[in-house]
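Below are the chains, spelled out letter by letter.
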Amino acid sequence: DGGITQSPKYLFRKEGQNVTLSCEQNLNHDAMYWYRQDPGQGLRLIYYSQIVNDFQKGDIAEGYSVSREKKESFPLTVTSAQKNPTAFYLCASGNSMNTEAFFGQGTRLTVV
Amino acid sequence: EDQVTQSPEALRLQEGESSSLNCSYTVSGLRGLFWYRQDPGKGPEFLFTLYSAGEEKEKERLKATLTKKESFLHITAPKPEDSATYLCAVREIQGAQKLVFGQGTRLTINP
């Protein structure tokens, strides 16, 4: 089945710990994105990547890091420097800069 | 700076009561406008892409239209299963790698 897989669905983290969210796609898309969604604030762009081994900061990159070593994978690390990490994280991928992006089912991160 | 504004924030309709959702945008040049549907706790599901003013797309009870400043998502004779949050997003010609989202309209259809 083609699609975007995010794991885990739910994640709990203690304050001060780094945590990595997984995103894998088998759609052969070049572009991949990470968004954060908070209630009443819509989706905000964290990082995006247009090609392997290259990525750019989005609007709210502070406290996050990414890597793009393979076309299929774009993991997001939420570091201890992120002051308010509790949120719903969404990964997406797309074929080109002209077209729509397709989303995974999200990871809900809660800091305890 | 890009701005995408959706209205209303929330809308309650009776089953069969048609209405429209609005997405206003301000970009220097539009590369594409996208509509998504999002159910609670899930990722957004792609619905439509519109590229130029005057363009229309339809899918079942949904019809999306585009002008130079806004897009409408028309819902005809909605059913309870159409209840969801509807998101609008734009890509600008310069900086097309970014999808900028509005805050969404939460639609509830009562049986």
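Preceding this paragraph is the structure being described.
(A) Structural context of the state of the cysteines. Residues and elements named next belong to chain A. One pass over the structure, following the stated rule, counts 2 disulfides over all chains. Bridging Cys-23 to Cys-91, the disulfide has an S-S length of 1.9 Å. Since a negative S-S torsion denotes a left-handed disulfide, the Cys-23-Cys-91 link at about -75 degrees is left-handed. Taken together, the residues span a long stretch of sequence, with Cys-23 in strand β3 (residues 19-25) and Cys-91 in strand β9 (residues 87-94) at a distance of 68 residues. A relative accessible area of 0% places Cys-91 in the buried class.

(B) Spatial organisation of the sheet that holds strand β7 (residues 62-66) of chain B. Residues and elements named next belong to chain B. Reading across from one edge, β1-β3-β8-β7-β6 is the order of the 5 strands in this open sheet, with antiparallel pairing throughout. The strands lining the two open edges of the sheet, one partner per strand, are β1 (3-7) and β6 (56-59). Neighbour-to-neighbour, the strand axes of the sheet open up by a mean angle of 15 degrees, direction not taken into account. When β6 meets β7, the two strands line up antiparallel, connected through 4 bridges. Note on β7: the bridge partner recorded for Lys-57 is Ala-64.

(C) Up close: the side chain of Arg-13 of chain A. Residue and element names in this part refer to chain A. Note that Arg-13 resides in strand β2 (residues 10-13). For Arg-13, which is buried and forms no salt bridge, the nearest opposite charge comes from Glu-15, at a distance of 7.1 Å. A distance of 2.8 Å separates the side chain of Arg-13 from the backbone oxygen of Gln-17, its partner in a polar contact.

(D) Examining the interface of chain A and chain B more closely. On the side of chain B, 20 residues touch chain A, which itself brings 24 residues to the contact. A combined buried area of about 1,800 Å² lies between chain A and chain B, and 52% of that area is made up of carbon and sulfur atoms. Linking chain A with chain B are 1 salt bridge, by the criterion used here. We note a salt bridge from Asp-59 of chain A to Lys-98 of chain B, for which the minimum N-O separation is 3.1 Å. Across the chain A-chain B interface, the total number found is 7 residue pairs in polar contact (both at pLDDT 80 or more). Sorting the residues of the side of chain A that touches chain B by element identifies β4 (31-37), β5 (43-51), β9 and β10 (101-103) of chain A as the ones contributing at least two each. The element best represented in the side of chain A that touches chain B is β5 of chain A, accounting for 4 residues. Considered class by class, the residues forming the side of chain A that touches chain B number 11 nonpolar, 10 polar and 3 charged.

(E) Molecular detail of the pairing of β9 of chain A. Residues and elements named next belong to chain A. Most of β9 sits out of view: 8 of its 8 residues are buried. Here β9 shows two buried faces, one formed by Ala-87, Tyr-89, Cys-91 and Ser-93 and the other by Phe-88, Leu-90, Ala-92 and Gly-94. With 7 bridges connecting them, β4 and β9 associate as antiparallel partners. Bridge pairing in β9 links Ala-31 to Gly-94. For β9 and strand β11 (residues 107-111), the ladder comprises 3 bridges, and the chain directions are antiparallel. Bridge pairing links Phe-88 to Arg-108 in β11. One ladder, built from 3 bridges, connects β9 with β10; its direction is antiparallel. When the sheet's bridge partners are listed, Ser-93 is paired in β10 with Phe-102.

(F) Local environment of the packing of aromatic side chains. Evaluation of the coordinates by the stated rule reveals 10 aromatic pairs over all chains. Arranged with centres 5.7 Å apart and planes meeting at 70 degrees, the rings of Phe-102 of chain A and Phe-46 of chain B form a pair that is edge-to-face. On the criterion of chain membership, the pair formed by Phe-102 of chain A in strand β10 and Phe-46 of chain B in strand β5 (residues 45-50) is interchain, its members lying in two chains. By the ring-pair criterion, three or more aromatic residues cluster together here, those being Tyr-33, Tyr-35, Phe-102 and Phe-103 of chain A together with Tyr-36, Phe-46 and Phe-101 of chain B.

Rules and cut-offs
Residues numbered from 1 in each chain as written. Chains lettered and ligands numbered in written order. Predicted model: local features only at pLDDT ≥ 70, side-chain atom pairs only at ≥ 80, totals over all residues. Heavy atoms only, no water. Disulfide = S-S within 2.5 Å. Helix = DSSP H or I, 4+ residues; strand = E, 2+ residues; numbered from the N terminus. Buried < 20%, exposed > 50% of the residue type's maximum accessible area, 1.4 Å probe, protein only. Pairing = 2+ DSSP bridges. Axes fitted to C-alpha atoms, helices over the stretch in contact; angles between N-to-C directions. Lys, Arg positive; Asp, Glu negative; His and termini not counted. Salt bridge = Lys/Arg side-chain N within 4 Å of Asp/Glu carboxyl O. Polar contact = N/O pair within 3.5 Å; in protein donor to acceptor, adjacent residues only side chain to side chain. Contact = heavy atoms within 4.5 Å. Buried area = accessible area lost by both parts, 1.4 Å probe. Nonpolar A, V, L, I, M, F, W, Y, C, P; charged D, E, K, R; others polar. Phe/Tyr/Trp six-rings, centres within 6.5 Å; stacked < 30°, edge-to-face > 60°.

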